[in-house]
Amino acid sequence: MQNTKLLLTSFTFVGLLALAGCSFPGVYKIDIQQGNVVTQDMIDQLRPGMTRRQVRFIMGNPLLTDTFHADRWDYLYSLQPGGGERQQERISVIFNPNDQLVSLSGDFMPGVSRDEAILGKDSGTTVTTPAENAEKPKPEKPVKPGSLLDQIQKDVDNVETVPVPTPEPLETSPQ
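How each quantity is defined
- Residues numbered from 1 in each chain as written.
- Predicted model: local features only at pLDDT ≥ 70, side-chain atom pairs only at ≥ 80, totals over all residues.
- Heavy atoms only, no water.
- Salt bridge = Lys/Arg side-chain N within 4 Å of Asp/Glu carboxyl O.
- Buried < 20%, exposed > 50% of the residue type's maximum accessible area, 1.4 Å probe, protein only.
- Helix = DSSP H or I, 4+ residues; strand = E, 2+ residues; numbered from the N terminus.
- Patch = residues over 30% accessible without salt bridge, like charges linked within 9 Å, V, L, I, M, F, W, Y side chains within 5 Å.
- Areas by Shrake-Rupley, 256 points an atom, 1.4 Å probe, with all protein chains shown as cover.
- Pairing = 2+ DSSP bridges.
- Core = buried A, V, L, I, M, F, W, Y, C linked by side-chain atoms within 4.5 Å.
- Contact = heavy atoms within 4.5 Å.

1. A short note on the pattern of salt bridges
As enumerated under the stated definition, the model contains five salt bridges in all. Residue D74 is joined to R72 by a salt bridge in which the shortest nitrogen-to-oxygen separation is 3.2 Å. Exposure remark for D74: the relative accessible area of 4% places this residue in the buried category. Overall, the relative accessible area of 25% leaves R72 in the partly exposed class. Of the charged contacts, one joins D150 and K154 as a salt bridge, the two residues approaching to 3.5 Å between their closest N and O atoms. Of this pair, D150 and K154 both sit in helix 5 (residues 148–157), four residues apart, roughly one helical turn. Given the relative accessible area of 17%, D150 is considered buried.

If you want it as structure tokens, here you go:
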């Protein structure tokens, strides 16, 4: 009798432990995001010659700063939708000894947006090459004088461009 109770109790305990490790259908699993969210818009803003401070303003703090490669910052982003396959994106930003941006390497390509794919949304847009775009532009009809379009064109033509002042680089030599 004692052995039967002990055996029944141990089977119940083992059964409960086995069920605790199982996942039940319909149970909500959270999305797991790690790292820096890097978008194509951020990459498009980067220009060669930017300082570390400017890159940090656009991209945020890097996830990895390697002690052995002080001129390289690494930005990693991974997303695992609840119960889905993990997706990971990586970008490396490389500086020269003068702390200016020299190059980029990683999963992002200029002009191709992968933001929706990373974030789990499908935009349904496709990128076409000029050879695929066989439609020729139609010649523009002349605008009637005195019309709204004529007034807008005159306003655009009369705009004066003002150059943006660029600050001189700071001297880094000790005094």
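Next, the rest of the story.
2. A few points about unusual backbone geometry
For D99, which is not glycine, the phi torsion reads 60° and is therefore positive. Looking at the secondary structure, you find D99 in the loop between strand 4 (87–95) and strand 5 (101–106).

3. Structural notes on a nonpolar patch on the surface
A cluster of nonpolar side chains, V143, L148, L149, I152 and V156, forms an exposed patch at the surface whose accessible area comes to about 500 Å². Tracing the sequence through the fold places V143 in the loop between helix 4 (115–119) and helix 5. Overall, V143 belongs to the partly exposed group, its relative accessible area being 42%.

4. Considerations on the pairing of strand 3 (residues 72–80)
Burial runs high along strand 3: seven of the nine residues are buried. In this structure, strand 1 (residues 32–35) lies alongside strand 3, joined through four bridges in antiparallel fashion. Looking across to strand 3, one finds that Q34 is bridged to S78. Pairing between strand 2 (residues 64–65) and strand 3: two bridges, direction antiparallel. Pairing of L64 across the sheet is with D74, part of strand 3. Connecting strand 2 to the antiparallel partner strand 3 that follows it, the hairpin turn spans six residues. Pairing between strand 3 and strand 4: eight bridges, direction antiparallel. Bridge pairing in strand 4 places S78 opposite Q88.

5. Some words on the nonpolar core
For soluble globular proteins, nonpolar side chains are generally found buried alongside one another. By size, the foremost hydrophobic cluster in this structure holds 14 residues, and its most contacted members are L46, V55, M59 and Y75. Mapped onto this core, the elements with two or more residues apiece are helix 3 (52–59), strand 3 and strand 4. Among residues more than four places away in sequence, those in contact with Y75 are N36, V38, V55, M59, G60, N61, P62, L63, E89, R90, I91 and V93.

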